Amino acid sequence: MRSTASELAEKLWESFGALRNDGVSALEYLDQLTYLMFLKRGYELANDELVPDLALQPLSDAWQSLLAADGQELKEAYDQILRAFASREDYFGGIFRSAYNSIQDPDKLKKLIVDVVGLNSGQSGSVAPVGKVYESLLARAVDDDRSGLGQYYTPQVVVQALVACVQPGPEDTIYDPACGTGSLLLAARNYVLRHHSKDMTAGQRTRLDSSQIFGTELVPGASLLAKMNLILHGVDSENIDWLIEDRDSLHKILSLNPSIILANPPFGRRPRTNFSPGFWVLSRNKELNFLQYIASTLRTPGKAAVIVSDSLLFAGGAAAHEVRRKMLTDFNVHTLLRLPSGIFHSTAVKANVLFFDKKEKRLDAPQTSVLWVYDFRTDKHFSYTRRNLAPEDLDDFVTCYRPGKSFASRVETERFKSFSYEELMDRDQVNLDITWMKDSSWKEGNNASASDLIARAIVEDLTVARDEFSAIADLLEQSRARRSQE
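Described below are features of the structure shown in this document. (Residues numbered from 1 in each chain as written. Predicted model: local features only at pLDDT ≥ 70, side-chain atom pairs only at ≥ 80, totals over all residues. Heavy atoms only, no water.)

## Examining the overall build of the chain
Right, so step 1: A count of helical and extended segments in the chain gives 18 helices and 9 strands.
Right, so step 2: Counting the 486 residues in the chain, one finds 52% classified as buried.
Right, so step 3: Taking as baseline every contact in the chain between residues at least 6 positions apart, the subset at least 24 positions apart corresponds to 75%.
Right, so step 4: When the accessible surface of the chain is summed, it comes to about 22000 Å², and 52% of that surface belongs to carbon and sulfur atoms. (Helix = DSSP H or I, 4+ residues; strand = E, 2+ residues; numbered from the N terminus. Buried < 20%, exposed > 50% of the residue type's maximum accessible area, 1.4 Å probe, protein only. Contact = heavy atoms within 4.5 Å. Areas by Shrake-Rupley, 256 points an atom, 1.4 Å probe, with all protein chains shown as cover.)

## Concerning the nonpolar core
One broad rule of soluble globular proteins: the nonpolar side chains tend to lie buried together.
Right, so step 1: Of all hydrophobic cores here, the largest spans 141 residues; its most connected members are Phe96, Leu262, Phe355 and Phe356.
Right, so step 2: Those residues in contact with Leu262, other than ones at most four positions away along the chain, are Leu162, Val163, Val166, Ile174, Tyr175, Asp176, Pro177, Leu184, Ala188 and Ala305. (Core = buried A, V, L, I, M, F, W, Y, C linked by side-chain atoms within 4.5 Å.)

## Re the pairing of strand β7 (residues 351–358)
Consecutive side chains of a regular strand alternate in pointing toward one face of the sheet and then the other.
Right, so step 1: In terms of burial, β7 is largely enclosed, as 8 of its 8 residues are buried.
Right, so step 2: A two-sided burial pattern is seen for β7, the buried positions comprising Ala351, Val353, Phe355 and Asp357 on one face and Asn352, Leu354, Phe356 and Lys358 on the other.
Right, so step 3: Pairing of strand β6 (residues 332–338) with β7 involves 6 bridges; the strand directions are antiparallel. When the bridges of β7 are listed, Leu337 appears paired with Val353. (Pairing = 2+ DSSP bridges.)

## Section: the sheet that holds strand β3 (residues 244–246)
Right, so step 1: Strands sit in the order β3-β2-β1-β4-β5-β7-β6-β8-β9 across an open sheet of 9 strands; the sheet is mixed. Edge positions in the sheet fall to β3 and β9 (416–420), since each has one partner strand and no second. In this sheet, neighbouring strand axes are inclined to one another by 20° on average, regardless of whether the strands run parallel or antiparallel.
Right, so step 2: Relative to β7, strand β5 (residues 302–309) runs antiparallel, the two being bridged by 8 bridges. Across the sheet, residue Val306 finds its bridge partner in β7, namely Leu354.
Right, so step 3: Across the sheet, helix α10 (residues 202–212) is in contact with β1 (174–176) and β2 (213–217); its angle to β2 comes to roughly 15°.
Right, so step 4: Packing against the sheet, helix α11 (residues 220–232) makes contact with β2 and β3, and its axis sits at approximately 165° to β3. (Axes fitted to C-alpha atoms, helices over the stretch in contact; angles between N-to-C directions.)

## Here's the deal with helix α6 (residues 106–117)
Right, so step 1: Over its 12 residues, α6 runs 16 Å from end to end, which matches the ideal 16 Å to within 8%, given 1.5 Å per residue.
Right, so step 2: Residues of α6 that are buried include every one of Pro106, Leu109, Lys110, Leu112, Ile113, Asp115 and Val116, and no others.
Right, so step 3: The N-cap of α6, judged by a side-chain oxygen 2.9 Å from the amide nitrogen of Asp107 a few residues on, is Asp105. (Expected span 1.5 Å × (residues − 1). Polar contact = N/O pair within 3.5 Å; in protein donor to acceptor, adjacent residues only side chain to side chain.)

Shape is all these values report; function is a separate question.
Below is the structure:
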């Protein structure tokens, strides 16, 4: 009987229960699994019968020393291994940077090592792909409310639908400027392999994993998870520090303009203003800056799919207004997917996916002619305690999107409506928070759901107020910047 990735991940996650009682957090536990799985993977590649990778011998030696040790000797050996690799200047150092052992009980450390060894076979000699096991572990860590990992993780159902619409190909260069655990990049890579592997040349296959899919991540812990996620899915580890850079993407202009950008950038405000020559407005709003960065970084022609909060669609103030106006005029903003509450790991977040293309500028007309809005929010209720989002839930959206087909062939439905450029520009401050359906939760007799919607409305009102204050701060900052230049 074959062990599935989910079953193996569940077995590994059960070990976390005892470690939590020792004060080990979900993120710390996932870090230790990451280090051990990387050591084991290095051992396997270094000892491959056909093409052994001798450059990975240090990983092989370290793994074998852990297998041979027990008790306090094991703990001391593991501590020393982490320190040694963290001090290296090569890509080993990039993986183990800031590594430390959070498991102080040698017996529990040994059990975890044995569990990782067990990933070799599963039951009856069958093997579930280690990359899939790791994905399942990430999902479990996200489900742990105390892990804090949810802000770096995009639900797989949303990821798969997004990539299915964008349809990356073997010649595309694909970038995520806030890659978190790397799920968007991996989904794009897997899409290319699934749909084009038979037609890809050896050169295209090599370039896919060495230079064509890359991201940046500011938070070291999330970056580590992204690197390991890619490595365990077969990406060459020697390129990993280039493919996933540990930095703030807004601090550096890319030398390579990607043809596709997929992103779930952070919401909220930044501690300081980041301004690049490609930005249209000066702002401390993270989302406005990331959207400007993505738009200016994208190649011409290029495609982007970006997860944005409701706030970005309706926020007042000159900065947000100008960014929305500029996007509709200079880019083909053709699709907006309104997502329901309860699918991201922050209940206050109501999100959307904004799809847009970058084309050669037209002097006689705006790039956007029609924005198609799919309402997957009204009468859609999900939560991790009641019902998770399932793959089939977004099938209708993908069908309506008509990937690879002309936008002119789209057809309106109850949930899928089109709005012309002129209609959008006539809306107060180019507000893109567009709704037309009525939620049945407001019907009389459904007080609990109605109360929930009222609470959400209050949160949205407070968000508007916050953004108004932010807009005032931005205007003052722009005024100070102009005075300093005079």
